[in-house]
Every structure is written in structure tokens, then in C-alpha cells.
Amino acid sequence: MNPSINVSAIVPARNEEETIAAAVTSLAAQPEIAEVIVVNDQSTDRTAEVLRSLSASAPKLRLLESGALPPGWVGKNHALSQGAAAAKGNWLLFTDADAVHLPGSAGRALETAAKWDAAVVSYSPEQVMRTWWEKALIPFVYTRLAHRFLYGLSDPHSSTAVANGQYLLIRKDAYQAIGGHAGVAGEVLEDVALARRARQAGYQLYFAPGNSVVRVRMYRTFAAMWEGWTKNLYPLMGGTRSAVWAELRSVVPWIPLLMLPPGVIYHVLAWVGLLLLAGRHAVYAGVLRRNRFPVSGILYYMPGVALYAGALVVSARRYARGTVSWKGREYPVRIGGS
């Protein structure tokens, strides 16, 4: 590794007392990471106390306080912008407080950037799931995202660009050239917005699965999971009403479900409906395997369909209303067209 290359890891933290220690420890263990900047975003729990207790064993750690949120900013974007302004590294790694970085991951990301001449390298983390609702919804969402966004080097002629804010490594000069987080201050999906700006500026982007790089448990309560996905699903799936209806037509097994009620009387319809549902389960098993999720997830296929469809509809309604909620804050959003 070139000794002139060093990474500043930047972590926004708002009420992350349960997870922040593991995130900081895993980042500080990476030789390529010169500093771990945690921006405490007005936490009301023990986040700051946990970080102060880590300072003796993690000399790379720097704790910043975000202060009041300026008008027009999403809290996470403001915290990341402050961390980037204080960073000394020539690469910036934006990551979340619930992310655990595996040994050698920073070096691997830098090698990938050099191999593909990429100014942005981003990974979709391995998902840790413990409850039935995590196992139902999270794989379903990620398989739908994989259907929409492809892994690999970004196509310079494509109208789409993608990155995952749970692991987003960007060269500092590229970050500054595209306006940093100030350029996407009010964006709820700041990672995708940054990726789009980088691609439009002519920078190479590389996006890949992160099963050997980073793992996260995104949500520890159903309420947090529901709030998170209803904040993000609508824009992720196209951001228009027509895109929502197209997605619902695609994922909900309408025909098998409509055949089951009359199947109480006409038994042949029930058998056909059940066979079609079994086929849907088999297809989903293949999709799970391709996307590195346990095939046992087919047990949660129908709950996954129901949760996904419900979250997508609620997300569209919240964007139509003009605001979404996240961690005790309301943010204005815009709905797309037809």
C-alpha cells in the first residue's frame, strides 16, 4: 500500500449507544485508516459517553459535536459535511454507526479503486437479521434493489448511478469537486445523490456486494425498520406514482391470490393458485441465492411481499404529503410525476 494514501473514516452518530463502539473499534483496526471522526449529532442517549470512554483505547478516534441543524439540511448530511471538513486523509470513508468493518476491508476497497481507476467505491453490506420481520423485509428490499441497480463499474452512458451510504469511499479531491454534502444538503438519499453528481462530473464509480467487507444490523426494532424504509423506498424505486404501481404489479402475486377465495368452492382453482404460489417461492429462492441471502428466506416470502408492498405504498403517501420522519426529525421531500 502506498504510504501516501490514507483514509479518514467519518461516522455520523445520533443516539447510537448500542452500536457505536463496535463500529469505531472495527474502523480503528484498519491500518489504512488514519483517523476515525465521529460526529455526534445531538444525541440524547449515552453515545458521547461511550465515545469518550473509547478514546484511551482508540487513539485514532476524534469526536466532533454537530451543533444545531441549519435550515435546509438533513441531519446526517450536516454531520458528514462537518466530518469531511475536519478530515486530513486523501480518501474519505463515509459509513454508519451500526457498521462493523471486517479485517482488511479498507485495503481491499483501495485496491479496487486503483484497479478500476474509481474515485468512488461503495459496497452493499452483508445484512445481519435476527427477527422474522428483518428476515422478511430486508432481503426482499435488497433483491428488488439488485433488480434495479447493477453491481460493477458504473456505465458512463447510463442515467442511473448508485452508492450505499453504509460504505462509501470517495477520493477527497473528487468529493470537493462535486460540492460534497453541501451539494446534497437536503437529500434524504444522499448516497445516491452523491453518486449521481460524481458520475455527471465524469468520475468512475464501482459498486459491489460487501459480504467480506462490512456487515450491519440496520434495525433493532420494527418501528425503526418501518420508519427507515418508508423514508427511502419511494425514491429508490423510481420516485413516481407510475413506478410504484409498476413495482406492485411486479412483486405481488395477484393471480394466485385472486384464485384462492373462489377455490373454496371450485377446488381446481385453489390447486392452481397454490401451484402458482409455489412457483413464486421457487423463483424467490433463486433470487435470494444470487443475492447472497440464505435460501431459507423463502419461508418469509409472503410476509416479505406484504411488508414490502405496504412500506412502498406508505412511502409514496408520505412523499405525497411532503414530509418524511427520521430519528425524531421531519424533513421536506418532493414527489415525482405520474
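Let us look at the structure shown here. Bear in mind that the values here come from a model prediction, so they are computed numbers and not experimental data.

1. With respect to helix H12 (residues 301–321)
Over its 21 residues, H12 runs 30 Å from end to end, which matches the ideal 30 Å to within 8%, given 1.5 Å per residue. By the burial criterion, the buried members of H12 are Tyr301, Gly304, Val305, Leu307, Tyr308, Ala309, Ala311, Leu312, Ser315, Ala316 and Tyr319. Those residues of H12 that are buried are in contact with helix H5 (132–148), helix H8 (222–236), helix H9 (241–251), helix H11 (267–290) and strand E10 (323–326). Positive phi shows up at Gly322, right after H12, with a value of about 105 degrees.

2. Things to note about the packing of aromatic side chains
All chains considered together, the criterion is met by 13 aromatic pairs. Ring centres of Phe94 and Tyr175 lie 5.3 Å apart, and the angle between their planes is 40 degrees; this geometry places the pair in the tilted category. Placement of Phe94 in strand E4 (residues 91–95) and of Tyr175 in helix H6 (residues 172–177) is noted, with a sequence separation of 81 residues between them. Since its relative accessible area comes to 2%, Phe94 is described here as buried. Aromatic pair Tyr151 and Phe207: ring centres 5.2 Å apart, planes at 40 degrees, arrangement tilted. Of the two residues, Tyr151 is situated in the loop between H5 and strand E7 (152–153) and Phe207 in strand E9 (residues 205–216); the sequence distance between them amounts to 56 residues. Taking the relative accessible area as the measure of exposure, Tyr151 reaches 37% and is therefore partly exposed. In this structure an aromatic cluster arises from ring pairing among Phe140, Tyr284, Tyr301 and Tyr308. Note that Lys231 overlies the ring of Trp326, its terminal NZ or CZ placed 4.9 Å from the centroid.

Rules behind the numbers
Residues numbered from 1 in each chain as written. Predicted model: local features only at pLDDT ≥ 70, side-chain atom pairs only at ≥ 80, totals over all residues. Heavy atoms only, no water. Helix = DSSP H or I, 4+ residues; strand = E, 2+ residues; numbered from the N terminus. Expected span 1.5 Å × (residues − 1). Buried < 20%, exposed > 50% of the residue type's maximum accessible area, 1.4 Å probe, protein only. Contact = heavy atoms within 4.5 Å. Phe/Tyr/Trp six-rings, centres within 6.5 Å; stacked < 30°, edge-to-face > 60°. Lys NZ or Arg CZ within 6 Å of the ring centre and 35° of its normal.

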